[in-house]
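Below, each chain spelled out in residue letters.
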Amino acid sequence: MAKFDIIAATGCPTGIAHTFMAKEALEKAAAERDLTIKVETHGQVGVENELTKSEIAGAKAVVVAADKDVQAERFAGKPMVSVGVSKALSVEAAGKLIDRALAAKGDSTVAAAADVEDEVEEKESIGHVIYKHLMNGVSHMLVFVVAGGVLTAVSFLWGITSFDSTAADYNSFAAMLKIIGGIAMNLMVPVLSAYIAESIGKRPALVPGFVAGMIAIQGLPVNAETGMIDAGGAGVGFGFLGGIVGGFLAGYVILLLEKVFAGLPKNLDGLKAIFLYPLFSTAIVGLVMLGISGPMAAINTAMMDFLKGLSASGAVVLGLAIGCMCAFDMGGPVNKAAYVTGTAMLTEALAAGVGTDTYNFGTNFMAAVSAACIVPPLITTFAVVVGKKYFSQEDHDAGIVNLILGCTHITEGAIPFMTKNIWPVMPIMMLGSSIASILTIMFNVHDPAPHGGFLVLPVVENGPLWVLAILIGAVVGGILFVAFKKYDFEKNQKVAPAAKPAEAPKPAAVEAPKAEAADFVKVENVFVAEDFASRDEALSFVSNQAVKAGIAGDADAVMNAFLAREAEGTTGMMEGFAIPHAKSDAITEAAVIVVKDESGVTGWDTMDGAPVNVAIALLIPGAQAGTTHLKILSKVAEALMDEDFRATVKGSTDAAEIAKTINARLV
């Protein structure tokens, strides 16, 4: 059986894009570090590349990047880092997770790495844990919504009232599609509730979770004549909000019962699973859900009234809110909140029936949400076509693929473009999505299908105007995106000539093999008795020394490159080490400069909160950013995992010894 250095599990709520983007980033980051890795994905089609018990046992460390339940308890006792899937979408971010996992300590409570950064994450993890449980329910619910919504929408192709046997446009096949779609849509809330509960309390929580969801649909039945609770009466449901409350309630009731029944003999475990848990949890959850049905129904009604109130304030206000939410995090929690709200409104709309005010508002709201989700990927497609020279080939190829993703309502394809330049790309995406949403509302577009993008155009009322609204949003956003990339491109072009006078022997700037030469770290570039007041002072010292040594031609450009990298995420590691790196056209040859400060550089964020004593600074020409840079960085990062290496470099005051020790690890 093959063994892997790293094992990982990824999963996002929809299981469409983030899951596999994180997988690819982790695999590339591991390859850069000469590590073997196996990544298990929890996508919409289920678990793929599943980890075996022997693979888990043989791994050095575990990375969990997921916003849904991936059964992390399997990894108990292994060194592990657990974060949301959005923190592993780039190779650089994934590499940091791998480094942290390898530096972590095994913990039987399945904690993340035992360092200060993780302690902070642990304090913040309550929110992430709640979100993960919620998204586990949402991911299972979405497929019911999509299947039911699209089938219901398709039934309208035969006529708006084709399901009604008394109507002139009646069609029996359309009626059957409407029945099937309605059943699937009605399962939305029970499935949401059940799988939130399952994420918390595992399989025993499914029963009370489903019951809670069903109660959320029907509410507390009351006899209209007597005004008393009556199983044959009618109640007021409280929708998906009630399903969420019921799911969490059911999950935590199971955890409570596990503690209550913990003292029972081991041979009664079977009785607990088949009788005690389902009986007591269903009774407790059911009574509580019925008890809160009145207040929950009032809250649900108030929320819907608030959304309708936004509509009353005008298309601009409602469309701006929808557009900004959908484009804010491209499939993340804010985007999902808007989408789930849209599907909830659509469910009520389809239940109310065609022609009602509820139907008109819900389908118009859904059309605006869909438009906002479609626009961001199309913005990138427009930009890479119109402004091709301002994008890398990789970005260009991704932008072309986004044409397909956008047209099928998959927003996540725009994420890589946004993560490279959150400002101003995120506001540009939000503006484009908002324009499309506002115009969709103004054009009175109605979409009875919750997903599918342009594939459901045949059932969209005022479909051509919907496409026009989306195209206007995409073009406006695309023009702004190209303008930004043009500005950024021209700014970088101006920096390059400034470095040319110092580009002495040109071959040295592109000679990649030099990066692995035995004398790569020169003794004269090792400074062992410095005293820095801050991180920036240390980086400024390195930048100026690079110019003095003929490594770079512009100290300010090098300093800016260092700071830009620190802005993306600190290069402070653990036990007093940092590996700052600058990639710039102002640097003429790849080099390493080492600085030591025995008293420690404060204000430099590190994984364990300790001050930096040793900074191994990497300086890489822009032309070698994807080759030499990655080789050196991976070798230095790997060396820092070696206790002997850290002890030698940190304990020595001999520049020659330090240079020799580092060079030995770069060969």
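Another point: the overall build of the protein chain. Each helix and strand in the protein chain was counted, giving 23 helices and 10 strands. Buried positions account for 52% of the 667 residues belonging to the protein chain. Restricting the contact set of the protein chain to residue pairs at least 6 apart, pairs at least 24 apart contribute 71%.

All right, on to unusual backbone geometry then. Geometrically, the link from tryptophan 423 to proline 424 is a cis peptide bond, its omega value of 10° lying close to zero. Backbone geometry at aspartate 34 places phi at a positive 55°, although glycine is not the residue there. The phi dihedral of asparagine 49 falls on the positive side, at around 60°, and the residue is not glycine. Among the secondary structure elements, asparagine 49 is positioned in the loop between β3 (46-48) and α2 (53-58).

Below, the discussion takes up the packing of helix α7 (residues 206-218) against helix α8 (residues 239-260). Relative placement of two packed helices is described by the angle separating their axes and the distance separating the axes. Between α7 and α8, the least distance of the axes is 8 Å, while the angle of their chain directions is 155°. As summarised for this structure, α7 and α8 are arranged roughly antiparallel, according to the angle between their axes. The crossing of α7 and α8 is right-handed. Counting all contacts with α7, which are made through Pro208, Gly209, Ala212 and Ala216, the residues of α8 involved are Gly239, Gly242, Gly243, Gly246, Ala250 and Ile254. Taken together, the residues of the contact of α7 with α8 sort by class into five nonpolar, five polar and no charged.

Right, let's get into helix α3 (residues 91-103). Counted at 1.5 Å a residue, the expected span for α3 with its 13 residues is 18 Å, and the 18 Å between its end C-alpha atoms agrees. Buried residues of α3: Ala94, Gly95, Leu97, Ile98, Asp99, Arg100 and Ala101, and no others.

Bringing the environment of glycine 95 into the picture now. Within the fold, glycine 95 resides in helix α3. Exposure remark for glycine 95: the relative accessible area of 0% places this residue in the buried category. A C-alpha to C-alpha distance of 8.4 Å links glycine 95 and lysine 28, two positions 67 residues apart in sequence. For glycine 95, the contacting residues outside a window of four places in its chain are Ala29 and Arg33.

What follows covers the nonpolar core. Side chains of nonpolar character tend, in soluble globular proteins, to be buried together. Of all hydrophobic cores here, the largest spans 59 residues; its most connected members are Leu26, Val63, Ile98, Trp466, Ile470 and Phe481. Here the element with the most residues in this core is helix α13 (residues 357-386); it accounts for eight residues. When sequence neighbours within four positions are dropped, the list of residues in contact with valine 63 reads Ile6, Ile7, Ala8, Ala9, Leu26, Val81, Leu97, Ile98 and Ala101. Val145, Ile244, Leu276 and Phe361 belong to the second largest nonpolar core, which has 57 residues in total.

Under the counting rule described, the total for this entry stands at 12 aromatic pairs. With a centroid separation of 5.6 Å and an interplanar angle of 70°, the aromatic rings of tryptophan 158 and phenylalanine 173 are classed as edge-to-face. Remark: phenylalanine 173 occurs in helix α5 (residues 172-186) and tryptophan 158 occurs in the loop between α4 (116-155) and α5; sequence separation between them is 15 residues. For phenylalanine 173, a relative accessible area of 42% gives the class partly exposed. A ring pair is formed by phenylalanine 527 and phenylalanine 541, whose centres lie 5.2 Å apart and whose planes are at 90°; its orientation type is edge-to-face. With phenylalanine 527 in strand β6 (residues 526-527) and phenylalanine 541 in helix α19 (residues 535-548), this pair connects stretches of sequence that are 14 residues apart. Through pairs of rings, three or more aromatic residues link up here, namely Phe261, Tyr277 and Phe280. The lysine or arginine in question, lysine 178, covers the ring of phenylalanine 163, its NZ or CZ lying 4.7 Å from the ring centre. Note that lysine 485 overlies the ring of phenylalanine 391, its terminal NZ or CZ placed 5.1 Å from the centroid.

Now for the confidence of the model for the protein chain. Model confidence for the protein chain is summarised by a mean pLDDT of 85, while 90% of its residues fall at 70 or above. Across residues 107-124 the pLDDT falls below 50, and counting only partners more than four positions away or on other chains, this stretch makes 33 contacts in the model. For residues 496-518, every residue scores under 50 in pLDDT, and the model assigns this stretch 34 contacts once sequence neighbours within four places are set aside.

Together, Leu271, Ile274, Phe275, Leu279, Phe280, Ile284 and Val288 make up a nonpolar patch on the protein surface, roughly 630 Å² of accessible area in all. Inspection of the secondary structure assignment puts phenylalanine 280 in helix α9 (residues 269-291).

Its location among the elements puts glutamate 198 in helix α6 (residues 188-201). For the buried glutamate 198, which has no salt bridge, the nearest side chain bearing the opposite charge is lysine 202, at an N-O separation of 6.1 Å. Of the polar contacts made by the side chain of glutamate 198, one reaches the side chain of asparagine 136; its length is 3.3 Å. When sequence neighbours within four positions are dropped, the list of residues in contact with glutamate 198 reads Asp69, Asn136, Arg203, Ala205 and Leu206.

Rules of the game
- Residues numbered from 1 in each chain as written.
- Predicted model: local features only at pLDDT ≥ 70, side-chain atom pairs only at ≥ 80, totals over all residues.
- Heavy atoms only, no water.
- Helix = DSSP H or I, 4+ residues; strand = E, 2+ residues; numbered from the N terminus.
- Buried < 20%, exposed > 50% of the residue type's maximum accessible area, 1.4 Å probe, protein only.
- Contact = heavy atoms within 4.5 Å.
- Axes fitted to C-alpha atoms, helices over the stretch in contact; angles between N-to-C directions.
- Parallel < 35°, antiparallel > 145°, perpendicular 65-115°, else oblique.
- Left-handed = near helix turned anticlockwise from the far one by under 90°.
- Nonpolar A, V, L, I, M, F, W, Y, C, P; charged D, E, K, R; others polar.
- Expected span 1.5 Å × (residues − 1).
- Core = buried A, V, L, I, M, F, W, Y, C linked by side-chain atoms within 4.5 Å.
- Phe/Tyr/Trp six-rings, centres within 6.5 Å; stacked < 30°, edge-to-face > 60°.
- Lys NZ or Arg CZ within 6 Å of the ring centre and 35° of its normal.
- pLDDT = per-residue confidence, 0-100.
- Patch = residues over 30% accessible without salt bridge, like charges linked within 9 Å, V, L, I, M, F, W, Y side chains within 5 Å.
- Areas by Shrake-Rupley, 256 points an atom, 1.4 Å probe, with all protein chains shown as cover.
- Salt bridge = Lys/Arg side-chain N within 4 Å of Asp/Glu carboxyl O.
- Lys, Arg positive; Asp, Glu negative; His and termini not counted.
- Polar contact = N/O pair within 3.5 Å; in protein donor to acceptor, adjacent residues only side chain to side chain.

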